[in-house]
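# Observations on the model geometry
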There are 2 protein chains.
Amino acid sequence: MRNMLIAQSGGPTAAINASLSGAIQEAIRNPEIGQVYGALNGIQGMLAGTLVDLRAQFFRQEDFTILECTPAMALGSCRYRLPQEEEDPSVYEKIDQLFAQYEIGYFFYIGGNDSMDTVDKLSCHFARTGQDVKIIGIPKTIDNDLPGTDHSPGFGSSAKFIATAMLEIIRDCYVYDTDSVTIVEIMGRHAGWLTASAALPRTVGARAPQLIYLPEVAFDPEQFIRDVKEVQSLTRNCIVAVSEGVRLADGSFAAENFQSGVVDAFGHRYLSGVGKYLETLVREKIGCKVRSIELNVLQRCSSHLMSATDVREARKIGSYAVRFALQGHTGEMMVLERVSNRPYMVRIGAKPVSEIANREQLVPRAWINKQGNDVTDEMFDYLLPLIEGEVPYPTQNGMPVHFVLDKTVVK
Amino acid sequence: MRNMLIAQSGGPTAAINASLSGAIQEAIRNPEIGQVYGALNGIQGMLAGTLVDLRAQFFRQEDFTILECTPAMALGSCRYRLPQEEEDPSVYEKIDQLFAQYEIGYFFYIGGNDSMDTVDKLSCHFARTGQDVKIIGIPKTIDNDLPGTDHSPGFGSSAKFIATAMLEIIRDCYVYDTDSVTIVEIMGRHAGWLTASAALPRTVGARAPQLIYLPEVAFDPEQFIRDVKEVQSLTRNCIVAVSEGVRLADGSFAAENFQSGVVDAFGHRYLSGVGKYLETLVREKIGCKVRSIELNVLQRCSSHLMSATDVREARKIGSYAVRFALQGHTGEMMVLERVSNRPYMVRIGAKPVSEIANREQLVPRAWINKQGNDVTDEMFDYLLPLIEGEVPYPTQNGMPVHFVLDKTVVK
């Protein structure tokens, strides 16, 4: 009997704890698995040896329900990039020691692109050294940019929050009888999936947003002003959804001058400010009432408004990861394959993580209109099932009840 | 039999349509009331003669439920300040004509401080001219700054959104094992009620926000940096709630240089930027990871997360306004008097609008701690009942269903 280790990494999503819940529940159901350890703060906790006993933290089924409704990451996260083995073998030695000490036979890493790079490197390392550790990546990302899977857990809940917030903002915009432009800035460094979700209110009768700009198409500020003017020739309230990551034709970020220039451990620039930039542009070039709204971190942590479809899939994919590892799969990432849209059906599978790591799934150009300022019907068909269903959550004092992990480290 | 006219004014709140719903339902129940008219875009619509027939728009009880779950304002709004009669008698003549033409005997204006000024002026006008029009103000404001009432409809839902969003942001902040400062900028030009609501997560076990700055106390940037450093000496994640309206000891807005300088029709400055200002300050003076989050218009339009207490009171106060007018009250604003906290009970009454208009109810200094960086227990006792209860809402395509008014104008 071997033990299991699980960790979370990268940016939070509302559904990432549902995958953790699914994996723990499946592990507890399977007598082949001994201890169920969680590493605090991802790979960092593995290097520091800070593991917690997860089995001891769940007494009732309700505890899992609360965990699934808790945003951010119960185990904490990190943004640590595992070096190549030849660069720093000591890191791999530490991990080998930890796995030997705790008799880890199964390792699950819940994360996005960068985390799958870690899974890939560790998987190659174990293959080379002949250690019998099954290692599986469990996808999560609000950006929906992981390749090899129809979509990633976490995306649906963010898309639902964005669609709902956008619908409410639209109602707010139509209150005054004056010309106005409202710019909503949405997360998404390279992939426009989240920004595309802002179009969903149009499926329930809203007449906005009229303009949608994704990072997949080069952004032209002059064309943007022409687009806004054209909308204004038809209606008083122009509402724009724009991705934080839109770039000019030369590849530079549209809001270059508005950015802080800070770079994270993976070399990604922290973005902000395209909303403010476009707001300034409209004020200067058109001169009407204009405001910009940044949906900010609520896009990834609004667990009071999760998609039931997303939470169900996140839980299931976590549970299947454990089953797949027990069946002998390793070096793979769990994936969702869409079987049909009506009724919506998906199949859960797994693909070699080497095919996935360090690649990005962008919005196909064919799903963006010719002018590059809207999405096509294919996008609506793709998105709608993913935001379907509401998730009731327990409350106390009028606020959601969250799961807080006991971080007592095992000796 | 006389007809009734109702209108909405000022900034949107999530609960303002619940007051409209309560008033329409009460009017329909009372045979003394003939037609039920709504004016589009507040007093502007009255001057333009754009009235809609409200009775014709509601066929089923469910229509009222949907209206109550719809953010913004079904009738639209305006920010028009009624002149003094001696300044521009023609405006009053137009209103007299409209009231005579449509045989209006009852007029209800749902709004905040500025709207109560309109109610007061019209009430004096009708008293002077001897017209038999009963006129009642129905309070609404997310800022909770209307005097004479324990609290105002609309505030509880905003407070619930802020408390919930803050709790989720706190979870998000604790994900990484690094020192960080998070600044959440909250609405409130002069009154700190909304910002105080950000403290509520501490009643459900959260250890943040540790610092709360309201506009009622002079803001000292140097003390702020000392406060942050003190929190950081105890914990890694410092979370700050700050009102958009905090001012320095000299009375100027703390973020003066970050503001657009645009002024609305009432001479209020549009505020923004105190979060960004404090973010910059922390980056310069402390140098740790820091971010700022502006909750923006979601604070006033998040009808997917309304307080059941707030919606019930908003509906009831709308309904009582009609009853009070039928009993002969006029020139009054409806108010809520708190009878007890445990159990929470309120009494609905009315007070002369002349005592209310153009005054502000600020947070008592005694409900803010001595250092001016937190709220006291009295504030928690006051706030907690107001965010109690969830409001289920109908959905379509995974998004809330909203009520959209037929704006066909009556001839």
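Residues numbered from 1 in each chain as written. Chains lettered and ligands numbered in written order. Predicted model: local features only at pLDDT ≥ 70, side-chain atom pairs only at ≥ 80, totals over all residues. Heavy atoms only, no water.

Looking now at the overall build of chain A. A tally of regular secondary structure across chain A gives 12 helices and 13 strands. Against the globule reference of 22 Å for 411 residues, chain A gives a C-alpha radius of gyration of 22 Å, in line with a compact fold. For the C-alpha atoms alone, the extent of chain A along its principal axes is close to 70 × 45 × 40 Å. In chain A, which comprises 411 residues, the proportion classed as buried is 64%. By sequence separation, contacts in chain A at least 24 residues apart represent 76% of the contacts at least 6 residues apart. Only carbon and sulfur atoms are counted for the fraction: they give 49% of the accessible area of chain A, which is about 14800 Å². (Helix = DSSP H or I, 4+ residues; strand = E, 2+ residues; numbered from the N terminus. Rg over C-alpha atoms; globule rule 2.2 N^0.38 Å. Buried < 20%, exposed > 50% of the residue type's maximum accessible area, 1.4 Å probe, protein only. Contact = heavy atoms within 4.5 Å. Areas by Shrake-Rupley, 256 points an atom, 1.4 Å probe, with all protein chains shown as cover.)

The next point concerns the sheet that holds strand β7 (residues 211-213) of chain B. Residue and element names in this part refer to chain B. The four strands are arranged β7-β8-β6-β9 in an open sheet whose pairing can be described as parallel. Each edge of the open sheet is held by one strand with a lone partner, namely β7 and β9 (289-294). In this sheet, neighbouring strand axes are inclined to one another by 15° on average, regardless of whether the strands run parallel or antiparallel. Judged from the three bridges that link them, β7 and strand β8 (residues 237-243) form a sheet pairing that is parallel. Within β8, the residue paired with Ile212 across the bridge is Ala241. (Pairing = 2+ DSSP bridges. Axes fitted to C-alpha atoms, helices over the stretch in contact; angles between N-to-C directions.)

This brings us to the relation of the copies chain A and chain B. It takes a turn of 180° to lay chain A on chain B, together with a shift of 0.0 Å along the axis; the resulting RMSD is 0.0 Å. Between the two chains, the operation in question is that of a two-fold axis. (Least-squares fit on C-alpha atoms with pLDDT ≥ 70 in both.)

Here we take up the packing of aromatic side chains. For the structure shown, the criterion picks out 26 aromatic pairs over all chains. Between A:Phe99 and A:Phe107, the aromatic rings sit 5.6 Å apart at their centres with planes inclined by 70°, giving edge-to-face as the arrangement. Judged by its relative accessible area of 2%, A:Phe99 falls in the buried class. The exposure class of A:Phe107 is buried, given its relative accessible area of 0%. Between B:Trp193 and B:Trp367, the ring centres sit 5.9 Å apart and the planes meet at 85°, which makes this aromatic pair edge-to-face. You can see B:Trp193 sitting in helix α7 (residues 193-197) and its partner B:Trp367 sitting in the loop between β11 (344-352) and α12 (377-383), a full 174 residues away along the chain. The ring of B:Tyr320 is capped by B:Arg323, whose NZ or CZ atom sits 4.5 Å from the centre of that ring. (Phe/Tyr/Trp six-rings, centres within 6.5 Å; stacked < 30°, edge-to-face > 60°. Lys NZ or Arg CZ within 6 Å of the ring centre and 35° of its normal.)

Turning our eyes to something else, we now look at the sheet that holds strand β4 (residues 104-111) of chain B. Residue and element names in this part refer to chain B. The seven strands are arranged β3-β2-β1-β4-β5-β10-β11 in an open sheet whose pairing can be described as mixed. Edge positions in the sheet fall to β3 (51-53) and β11, since each has one partner strand and no second. Averaged over neighbouring strand pairs, the angle between their axes works out to 30° when direction is ignored. Note that strand β2 (residues 33-39) and β3 share three bridges and pair antiparallel. Note on β3: the bridge partner recorded for Ala39 is Leu51.

All right, on to the environment of B:Val404 then. As for its placement among the helices and strands, B:Val404 is situated in the segment after β13 (399-400). As for B:Val404 and B:Glu313, which are separated by 91 residues in sequence, their C-alpha atoms are 23 Å apart.

Every contact between the two is made by 56 residues of chain A and, on the other side, 56 residues of chain B. Of the roughly 4700 Å² buried where chain A meets chain B, counting both sides, 58% is carbon and sulfur surface. Looking only at chain A, the three residues that lose the most surface to chain B are A:Glu168, A:Tyr176 and A:Met399, adding up to 14% of its buried area. Where chain A touches chain B, the interface holds two salt bridges. A salt bridge links A:Asp172 to B:Arg300, with the shortest nitrogen-to-oxygen separation between them at 2.6 Å. Along the contact surface separating chain A from chain B lie 22 residue pairs in polar contact (both at pLDDT 80 or more). Counting only elements with at least two residues in the side of chain A that touches chain B, the list comes to α6 (155-173), β9 (289-294), α10 (298-301), β12 (395-396) and β13 (399-400) of chain A. Here the side of chain A that touches chain B gets 10 residues from one element, more than from any other, and that element is α6(A). (Buried area = accessible area lost by both parts, 1.4 Å probe. Salt bridge = Lys/Arg side-chain N within 4 Å of Asp/Glu carboxyl O. Polar contact = N/O pair within 3.5 Å; in protein donor to acceptor, adjacent residues only side chain to side chain.)

What follows covers the domain arrangement of chain A. Residue and element names in this part refer to chain A. Taken domain by domain, chain A consists of domain 1 (2-141 + 303-359 + 388-400) and domain 2 (155-300). For domain 1 versus domain 2, the separation of C-alpha centres amounts to 33 Å. Facing 15 residues of domain 1, the contacting portion of domain 2 comprises 11 residues. The contact between domain 1 and domain 2 buries some 1200 Å² in all, and 56% of this surface belongs to carbon and sulfur atoms. At the surface where domain 1 touches domain 2, the tally comes to one salt bridge. Across the pair Glu390 and Lys160 runs a salt bridge, and its minimum N-O distance is 2.7 Å. Each residue belonging to the side of domain 1 that touches domain 2 can be placed in one class, and the counts come to five nonpolar, four polar and six charged. (Domains from an automatic or database assignment. Nonpolar A, V, L, I, M, F, W, Y, C, P; charged D, E, K, R; others polar.)

Take the pattern of salt bridges next. All names here are of chain B. Inspection of every chain in the model, using the stated rule, returns 44 salt bridges over all chains. The partner of Arg323 in a salt bridge is Glu26, and the shortest N-O contact between them spans 3.5 Å. Pair noted here: Arg323 is in helix α11 (residues 308-326) and Glu26 is in helix α1 (residues 16-29), with a separation of 297 residues, a long-range link. Judged by relative accessible area, which is 34%, Arg323 ranks as partly exposed.

So, on to the state of the cysteines. Taken as a whole and judged by the stated rule, the model has zero disulfides over all chains. A:Cys124 carries a free sulfur, and the closest cysteine sulfur to it, the one in A:Cys78, is 19 Å from it. There is no disulfide at B:Cys238, and the cysteine sulfur nearest it, in B:Cys288, is 8.2 Å away. Using a relative accessible area of 0% as the deciding quantity, one classes B:Cys238 as buried. (Disulfide = S-S within 2.5 Å.)

Before going further, it helps to examine unusual backbone geometry. For the bond running from B:Ala208 to B:Pro209, omega is -5°, close enough to zero to count as cis. Mapped onto the elements of the fold, B:Pro209 is located in the loop between α7 and β7. Residue B:Arg342 is joined to B:Pro343 through a cis peptide bond whose omega torsion reads 0°. Structurally, the position occupied by B:Pro343 is in the loop between β10 (332-341) and β11. The phi dihedral of A:Ala72 is positive, around 60°, even though this residue is not glycine. Inspection of the secondary structure puts A:Ala72 in the loop between α3 (61-68) and α4 (89-101). Look at B:Asn296: it is not a glycine, yet its phi comes out positive at around 60°. Take B:Asn296: it is sitting in the loop between β9 and α10 (298-301).

Residues and elements named next belong to chain B. Across the interface, helix α8 (residues 221-232) lies against helix α9 (residues 274-285) with an axial gap of 11 Å and an inter-helix angle of 65°. On the basis of their axis angle, the class for α8 and α9 is roughly perpendicular. Two packed elements cross with a definite hand, and for α8 against α9 that hand is right-handed. Contacts from Pro221, Phe224, Ile225 and Lys229 of α8 reach α9 at Tyr277, Leu278, Leu281, Val282 and Lys285. (Parallel < 35°, antiparallel > 145°, perpendicular 65-115°, else oblique. Left-handed = near helix turned anticlockwise from the far one by under 90°.)

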